[in-house]
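# Chains, contacts and geometry: an overview
One-letter residues, chain by chain:
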Amino acid sequence: MDVFLLIFVVAIIGIAVAVNIHVLFYYEEELDRRATKNIILILKAIIVTSLTLTWVVTLLLPVDVRNSRPVPGPLDMQALWKAAFITLAVFLAIIVPSAMLYSEVEGDDLVKNKRRYVACYLLAVLFVCGALVAITYPFLASADIPVTQYACGSWQDIDAVDGVICDSAVSSSMRLSVGIDVYIIAVLCFIGWFFFVVFGGIGLSAVPIDLILEFIDRPTAIDEKSYLERRRILGQAAQKLLEHASGLQERDGKVAYKTGWRGARQKRTVKVDYNKWRRDVNLLEDEFERLKMSKFHKGENPVVSCGKLAGGILLAIVSLLWILQILISVISRQIDPNAAIPFLDWIFIACESAGAYPLGVALFAAFTLYLCLCVVKGCFKFGMRIAFLFTIHPMRHKATPLNSMLFNVEMLLISTAAVVQFAQTAFGDYARLTDADVIFSAQIKHMTFYRWFFENNVFIYTLLAWFVLCLLYLLCKPRDSANVQLTNKKSDKWLAKLVGKPADPPADSTCTKA
């Protein structure tokens, strides 16, 4: 029995729980931190458990590698993979959405029986998901595994060297039916790829760019006069947003009970305006925090600013390495199977062969969990730029409602399956001879309907194209409206538009360097 492997798995879970509890404490609102209601504690437990589940599912691949070679280990990785993805499906479709729904209606007086409301939602979700799987499974649960057939006229001893055993080989396929558990994994991967491509493609460029911009636009010290003037402008903008909020509330009350096509259109209009209002509130809060830091802290701590610059450069390198890994180990392998060479795989394999298995897992975790970070960042960036589609849920230090955390957790969960399949595909040499290779490359990749997407790497090509487009767009327009320096004309223009008057050109004395 590989005792080290068992201890290592327990250690990964323990580290994940500790880190995710710290993440919860770092972002949660002070009001939620002091709350002792059972429902609040349950919501926090769901957040920590969901984040830990993301860690566990993502890091099962290096555990599978350790368990598969040089000899099979004690863990039944087939069962672990299936159990992990079934648990992921339960959290994704039932637990986290129910927690989000309950947190939204908790303070809504219009919903009298909140538990019944959530229970009805659960039954509806279970019915829809169950019907979807039950209807599609009989038709799409077969996999055409590619095989090579040899037609031999006679058999010869394998040790013989003076003859040809079989020289007639024909490419063929063998149809197998996969179990319901593997089919659920395929569905999770297929749906998750859409979210991973859209948000992950944005995040691969947005994460490093935003960190570098935070260094460039770091708050600097300002004098008393500039602080008072700027605070007055921000106060006027805040007053306008409050008036807008009152108007939205009144409009929402008028259309709440309307039905039909016109009523639905009016509700959508109110929802779009609310999303834009949330975006403006978020930008104004950022600007106010920057103003307070410039006045009371004499600007941002230089250590923090330099850390953001170093982090942005480092993560830009990580994004570049991911793109190179896709080109070298995935795209080239599809064009010519003999031309593909190990890239990042070589680092993980070298750690494994040198006895530095924990270092290899740490590097693997850094690359894969970075993709999860890109999904969250891409979702927020998408909401800031295209606010009419959905409400943004930014993660703020000690100012993030539990509902916003749950929304980001849901985005992580829905993309986790695709991240795992992507990692298994991108690190094909590292993942050889594993149960993950059997599940993803031998079964799911060749399943009816899904095979065209996975065999031709449609999602990976789309991810590359989307990354390039987003990179060019963010290089041309890197900032989110007012998220700029206090003396920047774009910020003054945004605030003037919000207040409702022409923008005055910024004076040279508005901001003075420390």
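This text goes with the structure placed above it.
Scoring rules and cut-offs
- Residues numbered from 1 in each chain as written.
- Predicted model: local features only at pLDDT ≥ 70, side-chain atom pairs only at ≥ 80, totals over all residues.
- Heavy atoms only, no water.
- Core = buried A, V, L, I, M, F, W, Y, C linked by side-chain atoms within 4.5 Å.
- Buried < 20%, exposed > 50% of the residue type's maximum accessible area, 1.4 Å probe, protein only.
- Helix = DSSP H or I, 4+ residues; strand = E, 2+ residues; numbered from the N terminus.
- Salt bridge = Lys/Arg side-chain N within 4 Å of Asp/Glu carboxyl O.
- Expected span 1.5 Å × (residues − 1).
- Patch = residues over 30% accessible without salt bridge, like charges linked within 9 Å, V, L, I, M, F, W, Y side chains within 5 Å.
- Areas by Shrake-Rupley, 256 points an atom, 1.4 Å probe, with all protein chains shown as cover.
- Lys, Arg positive; Asp, Glu negative; His and termini not counted.
- Charge placed at Lys NZ, Arg CZ, Asp CG, Glu CD.
- Polar contact = N/O pair within 3.5 Å; in protein donor to acceptor, adjacent residues only side chain to side chain.
- Contact = heavy atoms within 4.5 Å.
- Bend = angle between axes of the 7 residues up to and from the residue.

Let us look at the nonpolar core. Residues Trp81, Phe85, Phe422 and Phe440 are the most contacted members of the largest nonpolar core, which totals 112 residues. Residue contributions to this core peak at 18 residues, all from helix α7 (residues 180-216). One finds Tyr227, Leu241, Trp277 and Leu284 within the second-largest nonpolar core, a separate group that totals 10 residues.

Another aspect to go through is the pattern of salt bridges. Per the stated rule, a full pass over the model turns up 14 salt bridges. The closest approach of N and O atoms between arginine 251 and aspartate 273, which form a salt bridge, is 2.8 Å. Placement of arginine 251 in helix α8 (residues 224-255) and of aspartate 273 in helix α9 (residues 260-296) is noted, with a sequence separation of 22 residues between them. Taking the relative accessible area as the measure of exposure, arginine 251 reaches 31% and is therefore partly exposed. We note a salt bridge from glutamate 289 to lysine 292, for which the minimum N-O separation is 3.4 Å.

Moving on to helix α12 (residues 357-385). Between its terminal C-alpha atoms α12 stretches 42 Å, which fits the 42 Å expected from 29 residues at 1.5 Å a residue. Within α12, 22 of the 29 residues are buried, which leaves the element mostly enclosed by the surrounding structure.

A few words now on a positive patch on the surface. A surface patch of positive charge is lined by Lys258, Arg262, Arg265 and Arg268. If you trace the backbone, arginine 268 turns up in helix α9.

On to the side chain of asparagine 20, then. Turning to its location among the elements, asparagine 20 is positioned in helix α1 (residues 3-27). A distance of 2.8 Å separates the side chain of asparagine 20 from the backbone oxygen of alanine 16, its partner in a polar contact. Setting aside residues no more than four positions away along its own chain, asparagine 20 makes contact with Val48, Leu51, Thr52 and Trp55.

Side chains of residues three or four places apart in an α-helix project in the same direction, reflecting 3.6 residues per turn. For helix α5 (residues 77-105), with 29 residues, the first-to-last C-alpha span of 40 Å sits near the 42 Å given by 1.5 Å per residue. The largest bend in α5 comes to about 45°, at phenylalanine 91.

This part is about a nonpolar patch on the surface. On the surface, a nonpolar cluster with roughly 290 Å² of combined accessible area is contributed by Ile13, Val17, Ile21 and Phe25. Along the polypeptide, phenylalanine 25 turns up in helix α1. With relative accessibility at 41%, the residue phenylalanine 25 sits in the partly exposed group.

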